[in-house]
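Listed below, chain by chain, are the residues.
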Amino acid sequence: DLDTEDNALVEECINNVEGKCDVLKTRGGYHIFVYPAEISKDNKAWYGKLAEHADVKGDNLMPVPGWYQGGYVPRFVYTRCLSYYL
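Residues numbered from 1 in each chain as written. Predicted model: local features only at pLDDT ≥ 70, side-chain atom pairs only at ≥ 80, totals over all residues. Heavy atoms only, no water.

A contiguous nonpolar surface patch, about 260 Å² in accessible area, is contributed by F33, M62 and F76. As for its placement among the helices and strands, M62 is situated in the loop between helix 2 (46-51) and strand 3 (75-78). The class of M62 is partly exposed, set by a relative accessible area of 33%. (Patch = residues over 30% accessible without salt bridge, like charges linked within 9 Å, V, L, I, M, F, W, Y side chains within 5 Å. Areas by Shrake-Rupley, 256 points an atom, 1.4 Å probe, with all protein chains shown as cover. Salt bridge = Lys/Arg side-chain N within 4 Å of Asp/Glu carboxyl O. Helix = DSSP H or I, 4+ residues; strand = E, 2+ residues; numbered from the N terminus. Buried < 20%, exposed > 50% of the residue type's maximum accessible area, 1.4 Å probe, protein only.)

Spelled out as structure tokens, the structure:
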């Protein structure tokens, strides 16, 4: 969970995990779903770098893409299979 609208920060997070993630744009920022098994074994710092920016509190649930969320419809802006939409 990233409570920010900073696209540069989101791109930095995507690069930290070698693009092995899906990014969902939400009403208050972004949710990043990481695929750790796909990240290079040599990249040992990805979790720490991502955790520096994460705001993980509460239940850690991810909104459902395409469903209504408090006046906003969450949507994917990046997937590991496609390119950037940011």
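Another point: the side chain of T26. Looking at the element boundaries, T26 is found in strand 1 (residues 21-26). Sequence-distant contacts of T26, that is, excluding residues within four places in its chain, are made with H31, P63, Q69 and Y72. (Contact = heavy atoms within 4.5 Å.)

Let's shift gears to the packing of aromatic side chains. Following the criterion strictly, the structure yields two aromatic pairs and no others. Ring geometry for F33 and Y35: centres 5.1 Å apart, planes at 75°, overall edge-to-face. Geometrically, the ring pair formed by W46 and Y47 is edge-to-face, given 5.8 Å between the ring centres and 85° between the ring planes. Judged by relative accessible area, which is 17%, W46 ranks as buried. One residue, K25, lies across the ring of Y30, its end atom 5.2 Å from the ring centre. When the ring centre of Y35 is taken as reference, the NZ or CZ atom of R80 above it lies at 3.6 Å. (Phe/Tyr/Trp six-rings, centres within 6.5 Å; stacked < 30°, edge-to-face > 60°. Lys NZ or Arg CZ within 6 Å of the ring centre and 35° of its normal.)

Moving on, we get to the pattern of salt bridges. In total, this model carries three salt bridges according to the counting rule given. A salt bridge links K25 to E5; the shortest N-O distance between them is 2.9 Å. Highlighted residues: K25 in strand 1 and E5 in the segment before helix 1 (7-16), separated in sequence by 20 residues. Residue class for E5 comes out partly exposed when judged on its relative accessible area of 48%. In this structure, R80 and E38 form a salt bridge, with 3.0 Å as the shortest nitrogen-oxygen distance. Of this pair, R80 sits in the segment after strand 3 while E38 sits in the loop between strand 2 (29-34) and helix 2, placing them 42 residues apart in sequence. Classification of R80 as partly exposed rests on a relative accessible area of 31%. Each of D22, E38 and R80 takes part in a single network of salt bridges with overlapping partners.

Keep in mind these numbers describe shape, not what the thing actually does.
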